[in-house]
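Here is how the chains run, residue by residue.
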Amino acid sequence: MSKHVINVTVNGEAHAVEVPAKRLLADFLRDDLLLTGTKRGCETGTCGACSVLIDGEVVKSCLNLAVQADGRSVTTVEGLGQGTNLHPLQTSFMEQGGLQCGYCTPGFLMAAHDLLSRNPSPSEEEIREGLSGNLCRCTGYQGIVDSVKNAAEKMHGR
Amino acid sequence: MNSPIVGKAVPQVTALEKIQGRAIYTGDLKQPGMLHAKVLRGPYPHARIVRIDTSQAVALPGVKAVVTGADTPTRLWGVAHKQQRILATGKVRFAGEEVAAVAAISEDIARDALDLIEIEYEELPALLDPARALEAEAPQVHDGHDNRVKEIRIARGDVEAGFAAADLVHEATYELHSQYPGYMEPMATLASVDGNGRLTVWTSTQSVFLARARLAEALDRPVSSIRVIQAMVGGGFGGKIVEERSSLIAAFLATRVNRPVRLVNNRLEDFQSGCFSVPCRLWLKMGMTKDGTITAKDVRILANSGAYAGLAPEVMLVTAMRSDNMHRLENVRSAADLVYTNTMPRGAFRGFGGTQMAFALNSHLSVMADKLGLDPFEVHRRNAIRAGETSVHGWQFGSTGLRECLDQVQAGIGWEAKRRRPKDTGVRQRGLGMAAAMHVSGNRTLGNWDGSTVVLRVNEDGRAFIASGESDMGQGANTMMAQICADELGIPLSHVTVLPPDTDTSPFALGSLASRVTINGGKAVLQAAQQAKTQILDAASGLLGCPADDLEIDQGVVRSRTKSNATAALPQVCRYHVFRHGGEGILVRATYDPPTKMMDADHYGNIAPGYSFAAQAVEVEVDTETGQVTLLNSCLADDCGKAINPMAVHGQTNGAAVQAIGWALYEHLQFEDGRLANGNFADYTMPTADSVPHLQASIVESNEPNGPLGAKGASETAILPGAPAIANAIEDAIGVRITELPITPEKILAGLRAKREGGHA
Amino acid sequence: MRDFDFLKPATLAEAIAMRSSLGEEACLFAGGTALLLGMRQRLVNPKTVIALGGLADLRAIAFDSQHGLRVGALARHTDLARSPELRTHTPMLAHMAARMANPQVRNQGTLGGNLCYADPATDPPTALMALRASVVLAGPDGERTLAIEDFLVDYYATALGASEILKEIRVPPPAPGSRGIYVRHLRTAAEHRPVANLALVVERKGAVCTRARLVVGAATAVPCIAAKAGEYLTGKTVTLEVAAEAGRRLAQEITPISDLRGDGAFRRAIVGVIAKRAVAEAFGLDWKGAQA
Ligand SMILES: Cc1cc2nc3c(=O)[nH]c(=O)nc-3n(C[C@H](O)[C@H](O)[C@H](O)COP(=O)(O)OP(=O)(O)OC[C@H]3O[C@@H](n4cnc5c(N)ncnc54)[C@H](O)[C@@H]3O)c2cc1C
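Residues numbered from 1 in each chain as written. Chains lettered and ligands numbered in written order. Predicted model: local features only at pLDDT ≥ 70, side-chain atom pairs only at ≥ 80, totals over all residues. Heavy atoms only, no water.

## Comments concerning the environment of A:N64
Position of A:N64 relative to the elements: it lies in the loop between β4 (57-60) and β5 (73-75). On the accessibility criterion, A:N64 (3% relative accessible area) is buried. Spatially, the C-alpha atoms of A:N64 and A:D27 are 9.9 Å apart, while their sequence positions differ by 37 residues. Filtering out sequence-adjacent residues up to four positions away, A:N64 remains in contact with A:L24, A:L25, A:I54, A:V59, C:L36 and C:Q108. (Helix = DSSP H or I, 4+ residues; strand = E, 2+ residues; numbered from the N terminus. Buried < 20%, exposed > 50% of the residue type's maximum accessible area, 1.4 Å probe, protein only. Contact = heavy atoms within 4.5 Å.)

The structure is reproduced here in structure tokens:
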């Protein structure tokens, strides 16, 4: 049915793409832009594996239509850092046991990014609450919490 | 050995691609012409399929194939019991059983087509309650068979005499519920048939070779006509070993359309087709002398296999006898029955039946210790089996870290001081609990081989490739193998590549199950690397004119121990290994098959090369008005023999602790008329970051003689003690003993009410 | 998800006109967090979606001491949580918004969408009812204002007319010295939705309660005012025993729902407890030390 040309900036790159109205943002990113770092893990908005930033704020891309991102700026895990130019969160997740199977990792990175942008030195409790919209089955969350703490310290040059 | 890498908390070798979002899982794969599959499931727990009409679905534009049970090969597949076809035929035996499947040019069209398939069912009386399964008039899940899947009877020593010798005999019945593995990556498969008719399957699996065997059986075609490649796996926890069904459907569709077909479960579908742990009712009776010595143990189990057998019989065997081996027991008896019901199939899950018994056993020991005025830590210590001993079921222990685990968690939680503090009297009351458990590292059970083969190549640039069929599903197996190899070859970790398991190119392997990969796969890597090193040093000896035993490899350079100027960089040596008469690239193979035995008919025999132990202590706070249980502290020690990578072991320990918390307190499959009513993450609530405490994980290194560098399995053991430790802490807090999982607020409140009323009576 | 047309009106008037002309087949769409769940499972299948995202005016949050608080229907939970107006004048609401759901949903879900969906397992309706909030509904014939109790009709049902749009939520200025407490109770810490919640607004003279409004939600199909408990408290010197009695009365006067998250008896027990605690807290009493 209705199709729309959306103008959306993804990871700094401007796109004008025609999408059907029903295309979820998650599918748009994965299937149209081939940014498969954003994962899908549930249909209830609970797992957070599909988390991305829209205009700097974390949302679940499976609870968004691509048309809702028209005129906005989306950041996915691919836009956080690549190659030798990694975000401190990414290196911390590697070094502090913030990941195992890795499926939830992109979502956690985006949620943690949102958290640290609002609260640069969160307590452990604040980290846990800030990540409460994401599920991980491997790590027991401790490695993830430690990683976020570690990244916050790095970002403060401590 | 100089170990710059083994024993270090290095990042997983898969970490870099994962944090960039560039790790490729099966659902991320695409191929030209690829179709999308969707599966139609029966809505009834038990019904006869009277008629299926797919004509409208077939006619939908974009639909390329619609298949039903009648189209599938008639050969039955299964683990030991061959009883399933790829899609149901004749009748459905559980709500959610796969009945038809569609391949179409988009997922939406495939989904639309499902609505157009007409199926007429005749509902049959359903057997939902396992307790009724063996009654004469119970509905038969499999026509012409009674509902008993398996019966296990084990008796050793003289149980009655043991009870007679006891100062305290305690019996209780426990209800252990089923848990969903909850891996974050729902099951996904991409299957494709090439122009020669060979089938290639990329799938999320814990074992490519067991997947290939299952595909060969279900599709009724030769093993060698199938290639299974493991994509990155987003968690398994037992559910992706051999009972998983959706890969068969994807592969079957691919053979029908000659186009690649991708089948990615959504979460609801994964709940409906996933593999769940085996629920059971467990009656336990134990005798103990005043000093805490266990004199006898008697167990009766009724376990629910669901509609098919899968690995559930093996799981129940573990429940029936494994925990006996961690103590010096003499008189034990188990009577266990596994029955079919019209519910989803149950089977392998992290801990493999151990969690069920660990809950009962540790609950029991805590109650008995209390009654005898003993400390439960002391009871475990007193009975703990020691290295060098053989257990009642014939298990031989080269290493046992149980007592060290107990010491660590007892100190870590502050047991002594906290136990002495006055009991809380307010609305919220704190309590302490502990539990301990054991698990196998390896298991000679899938046939008379528990081996692991590694093919190791050292390339012209001095860097290594490891080909192994063992699988990394997130637990870090590849990192473990790379670390052992790098250390042995004296090269940096980044110079080792672990190739993805691929049945066409990897050596035959059993895969990630029974905590066998570190002890067996790691040992094979070590042996292969030792061989490669010998070849390298021999070649370098020719090159440098020094005896091989004077040479060593350090940081990628071969050097003489005695002549300071005799050095050759590895690339130079490796090229020399090729470019000489009779030369070749360095390619070695090693197989390690541990010195273990299959159990005999009486379930006796040393099945594993090593046995792992764990202990956990927790502190809880119970809200006596709302029934909420808050975990304040958790201290979990895992005896992994030797931590090849402490960060990975901690990760496994913490992940296991939280999965156990979920099983004990938060996760609860709910059914309505035999249908799963909460098959989604909004209603089946797994632990979140803010629902668990800061976790303490510690490591015991008991140095397993059979293991590579002393290592044995970690992780599965760690899931075992959590739930009973919590139940024990709750009793300590509020004097209410919960014997039925999950521990819901309602049960806490009911327990408190009963206690109050009991007090007044 | 099924196909649909997507319309993006630029003004409220345009949105109302679209809704009037398209009728039942169209569906308003704010953040989409509630709707997309239903659409993806094909439980909700609109032919047309009217997206309100472009109506920037409906995002505003403002306070004046005469009319109180005015929150645009499209204000997101995050906006409420961070709003200086809310934090100053109705901290209970800001506090509620900061803790409901999870960060991602708060960044996208709107207050209007929450109210119009009328899912019982949510937080804002309870808090708003305790604050005597009203809603402004805009339709082709103008606007009307309804008390929130009249707006929330039943389980997933509101008084929103077929061509109306929720424009604004109003909260009268708080009575001087009044205090609000909101308790969101999760059955277990891992749950995502409240099994019961309670909002309390009290006015007091020393230890004496001069006015109390208690509202229970999530445990009931729609939030309900516990009038008897409120009456009981009024004029009383509040002690722990009085707080407990208020909780007992409140538990008796509601009609709890039963679902997978908890049966009626459980919910009744819980609301009694959280009411007691809220009352105690409002009067600075420590309920934690009391004998169980
Ligand atoms: C994972 C998850 C967890 C959640 N947890 C909680 C929780 O703990 N507590 C809680 O309170 N809530 C919770 N929610 C619900 C959340 O509050 C709502 O989903 C959200 O507020 C809905 O707002 P929306 O803008 O996304 O609505 P939409 O999905 O856009 O719309 C919802 C409904 O409202 C209608 N509608 C929207 N705006 C208007 C308007 N202005 N006028 C008329 N009709 C309108 C739509 O037509 C639709 O029927 C949760 C949701 C999710 C997905």
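## Let's talk about the nonpolar core
Residues and elements named next belong to chain B. Judged by nonpolar contacts, the single largest core of 159 residues is most densely connected at V620 and I726. Tallying contributions element by element places helix α18 (residues 722-734) first for this core, with eight residues. Ignoring any residue separated from it by four or fewer positions in sequence, one finds I726 in contact with V618, V620, L631, I661, A664, L665 and I743. Core analysis: the next-biggest nonpolar cluster, separate from the first, contains 46 residues, M480, L493, C546 and V573 among them. (Core = buried A, V, L, I, M, F, W, Y, C linked by side-chain atoms within 4.5 Å.)

## Quick word on the interface of chain C and chain A
Tallying the contact residues gives 27 residues for chain C and 31 residues for chain A. Here chain C packs against chain A, burying approximately 2,500 Å² in sum over the two surfaces, 54% of which is carbon and sulfur. The largest per-residue losses of area from chain C upon contact with chain A belong to C:F6, C:R40 and C:Q104, which jointly make up 27% of the total buried on that side. Our enumeration of links across chain C and chain A arrives at four salt bridges. Measuring nitrogen to oxygen at the nearest pair gives 2.6 Å for the salt bridge that ties C:R76 to A:E57. Where the side of chain C that touches chain A is concerned, the elements lending two or more residues are β1 (5-7), α2 (35-40), α3 (77-82) and α6 (103-106) of chain C. (Buried area = accessible area lost by both parts, 1.4 Å probe. Salt bridge = Lys/Arg side-chain N within 4 Å of Asp/Glu carboxyl O.)

## Side note on the packing of aromatic side chains
Within the structure shown, the criterion is met by 20 aromatic pairs over all chains. Arranged with centres 6.1 Å apart and planes meeting at 85°, the rings of B:Y174 and B:F359 form a pair that is edge-to-face. Taken together, the residues B:Y174 in strand β8 (residues 168-176) and B:F359 in helix α9 (residues 354-372) connect sequence positions 185 residues apart. Comparing B:Y174 with B:F359, the two get one shared label, buried. Seen from their ring centres, B:Y180 and B:F681 are 6.5 Å apart, and the 55° between their planes marks the pair as tilted. Of the two residues, B:Y180 sits in the loop between β8 and β9 (188-193) while B:F681 sits in the loop between β29 (675-676) and β30 (695-700), which places them 501 residues apart along the sequence. Like B:F681, B:Y180 is buried. Sitting over the ring of C:F266, C:R187 keeps its end group 5.6 Å from the ring centre. For C:K236, the ring lying beneath its charged end belongs to C:Y232, and the centroid distance is 4.2 Å. (Phe/Tyr/Trp six-rings, centres within 6.5 Å; stacked < 30°, edge-to-face > 60°. Lys NZ or Arg CZ within 6 Å of the ring centre and 35° of its normal.)

## Some remarks on the domain arrangement of chain B
Residues and elements named next belong to chain B. Domain annotation of chain B identifies domain 1 (15-22 + 451-592), domain 2 (31-124 + 184-235 + 240-273) and domain 3 (276-444 + 599-756). Each of domain 2 and domain 3 was reduced to a C-alpha centroid, and the two centroids are 36 Å apart. The interface is formed by 20 residues belonging to domain 2 together with 28 residues belonging to domain 3. Across the domain 2 to domain 3 interface the summed buried area is about 1,900 Å²; carbon plus sulfur atoms make up 64%. (Domains from an automatic or database assignment.)

## Some thoughts on the sheet that holds β30(B)
All names here are of chain B. Spatially, the four strands line up as an open sheet ordered β18-β26-β27-β30, and their pairing is mixed. Each having just a single partner strand, β18 (428-441) and β30 make up the two edges of the open sheet. Averaged over neighbouring strand pairs, the angle between their axes works out to 15° when direction is ignored. With 10 bridges joining them, strand β26 (residues 610-623) and strand β27 (residues 629-639) adopt antiparallel strand pairing. Residue pairing for β27: A614 is matched across the bridge by D638. (Pairing = 2+ DSSP bridges. Axes fitted to C-alpha atoms, helices over the stretch in contact; angles between N-to-C directions.)

## Topic: the site of the ligand
If you check the shell around the ligand, you find 35 residues, and the closest are C:L28, C:T33, C:T110, C:D123 and C:R184. Residues lining the ligand come from chains A and C. Here a nitrogen atom of the ligand and a side-chain polar atom of C:D123 are 2.6 Å apart. Note that an oxygen atom of the ligand is positioned 3.2 Å from one of the backbone N or O atoms of C:H192. For the shell around the ligand, the elements supplying multiple residues, two or more each, are β2 (26-29), α2, α7 (111-117) and β10 (165-171) of chain C. Considering each element in turn, the shell around the ligand owes the most residues, four residues, to α7(C). Residue classes in the shell around the ligand are distributed as 20 nonpolar, 12 polar and three charged. (Near = heavy atom within 4 Å. Polar contact = N/O pair within 3.5 Å; in protein donor to acceptor, adjacent residues only side chain to side chain. Nonpolar A, V, L, I, M, F, W, Y, C, P; charged D, E, K, R; others polar.)

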